[in-house]
Amino acid sequence: MEKMKNILKPKPNPQQLLRDWQRRLRQECRNIERQIRDIQREEKNVEKSIKEAAKRNDMGSAKALAKELVRSKRTVNRLYENKAQLNSISMHLGESVAIARTVGHLSKSAEVMKLVNNLMKAPEMAITMQEFNKEMTKAGVIEEIVNDAVDTALDSEDIEEEIEEEVDRVLTEIAGETAAQLPEAVRKEKLKQPAQALGDAEGADDEEDLEELRARLAKVRS
């Protein structure tokens, strides 16, 4: 009975499909913009904490927070890229529908397929783009994409050295004069030290604040 209903159910025309897809793509872009705002709001709190840690010469905590800040900025950059690719998909779909008016049906688009495949690798977009993949494949816009790989390059070891360089740069920019006032040898030595709780009550509070900020950043990035 279900199969019969599907057979009798009229297929949506290309214009209807386009309107639905573009509406959902716009919604995804708004979701990305909201996530970016949330991350950047937390980043301001982290920047303040980095300055405070640098003033205490607690470069271990400053480095740990700066590393989280670097990762957050990378996430924001990736989200902007995701948004740009969503807009590109919408644009190419519009071109496909314009062609469909002439040929009578939607044709495959290699560019849309490439963009969908890229977004399926992005952790933030994987589930959504899997749905688009199914729908666009069924409509004949792309071929079926089988891609279970999730892009985890953000946390891979091969960029650890690059992250360390960016951490130093962030510390220089944010901690600024406070870090610069330390002797070079002392500053480098302190930067090598891992973040750890101090023995007194103030140190314990600092460590709790550090963990709370890191947890909040991880939450808004997810």
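Please read these numbers as outputs of a predicted model, since none were measured by experiment.

Definitions and limits used
- Residues numbered from 1 in each chain as written.
- Predicted model: local features only at pLDDT ≥ 70, side-chain atom pairs only at ≥ 80, totals over all residues.
- Heavy atoms only, no water.
- pLDDT = per-residue confidence, 0-100.
- Helix = DSSP H or I, 4+ residues; strand = E, 2+ residues; numbered from the N terminus.
- Contact = heavy atoms within 4.5 Å.
- Core = buried A, V, L, I, M, F, W, Y, C linked by side-chain atoms within 4.5 Å.
- Buried < 20%, exposed > 50% of the residue type's maximum accessible area, 1.4 Å probe, protein only.
- UniProt positions renumbered as here; feature names shortened; annotations may be inferred.
- Expected span 1.5 Å × (residues − 1).
- Arc of directions from axis to C-beta.
- Axes fitted to C-alpha atoms, helices over the stretch in contact; angles between N-to-C directions.
- Parallel < 35°, antiparallel > 145°, perpendicular 65-115°, else oblique.
- Left-handed = near helix turned anticlockwise from the far one by under 90°.
- Nonpolar A, V, L, I, M, F, W, Y, C, P; charged D, E, K, R; others polar.

Undergrad: Which residues make up the confidence of the model for the protein chain, and what values do they have?
TA: Across the protein chain, the average pLDDT comes to 76, with 68% of residues at 70 or higher. Mean pLDDT per element in the protein chain: helix α1 (residues 2–8) is the minimum at 49, and helix α2 (residues 14–55) is the maximum at 91. Across residues 4–8, confidence stays below pLDDT 50; counting only partners more than four residues off in sequence or on other chains, it has 0 contacts. Under a pLDDT of 50 for its full length, residues 193–204 has, in the predicted model, 13 contacts with residues more than four places off or in other chains.

Undergrad: Break down the nonpolar core for me, with residues and values.
TA: Among the nonpolar cores identified, the biggest contains 29 residues, and I89, L93, V116, M129 and M136 are the most heavily contacted of them. For this core, the elements supplying multiple residues, two or more each, are α2, α3 (59–103), α4 (110–120) and α5 (126–139). Here this core takes 8 residues from α2, the largest share from any one element. What M129 contacts, discounting residues up to four positions off in sequence, is L86, I89, V116, L119 and M120. Of all hydrophobic cores here, the second largest spans 16 residues; its members include V46, A54, M59 and L171.

Undergrad: Now, about the UniProt feature "coiled-coil region" (unreviewed entry) in the protein chain: what can you tell me, with residues and values included?
TA: Mapped onto this structure's residue numbering, the UniProt feature "coiled-coil region" (unreviewed entry) falls at residues 18–56. Annotation note: span residues 18–56, helix share 97%, strand share 0%, distance between end C-alpha atoms 57 Å.

Undergrad: Go over helix α6 (residues 160–174), please, and point to the residues and values.
TA: With 15 residues, α6 extends 21 Å between its outermost C-alpha atoms, agreeing within 8% with the 21 Å of an ideal straight helix rising 1.5 Å per residue. By the burial criterion, the buried members of α6 are I163, E166, V167, V170, L171 and I174. Down the axis of α6, the sector holding all buried residues measures 145 degrees, keeping them to one side. Of the residues in α6, the exposed ones pointing more than 90 degrees away from the buried face are E161, E165 and T172.

Undergrad: Tell me what's going on with the packing of α4 against α5, and back it up with residues and numbers.
TA: In contact at an axis separation of 8 Å, α4 and α5 are set at 150 degrees when each is read in the N-to-C sense. By the angle class used here, α4 and α5 are roughly antiparallel. Along this stretch, α4 crosses α5, giving a crossing that reads as left-handed. Side by side, α4 and α5 meet where V112, V116, L119 and M120 of the first sit next to A126, M129, Q130, N133 and M136 of the second. Residue composition of the contact of α4 with α5, by class: 7 nonpolar, 2 polar and no charged.

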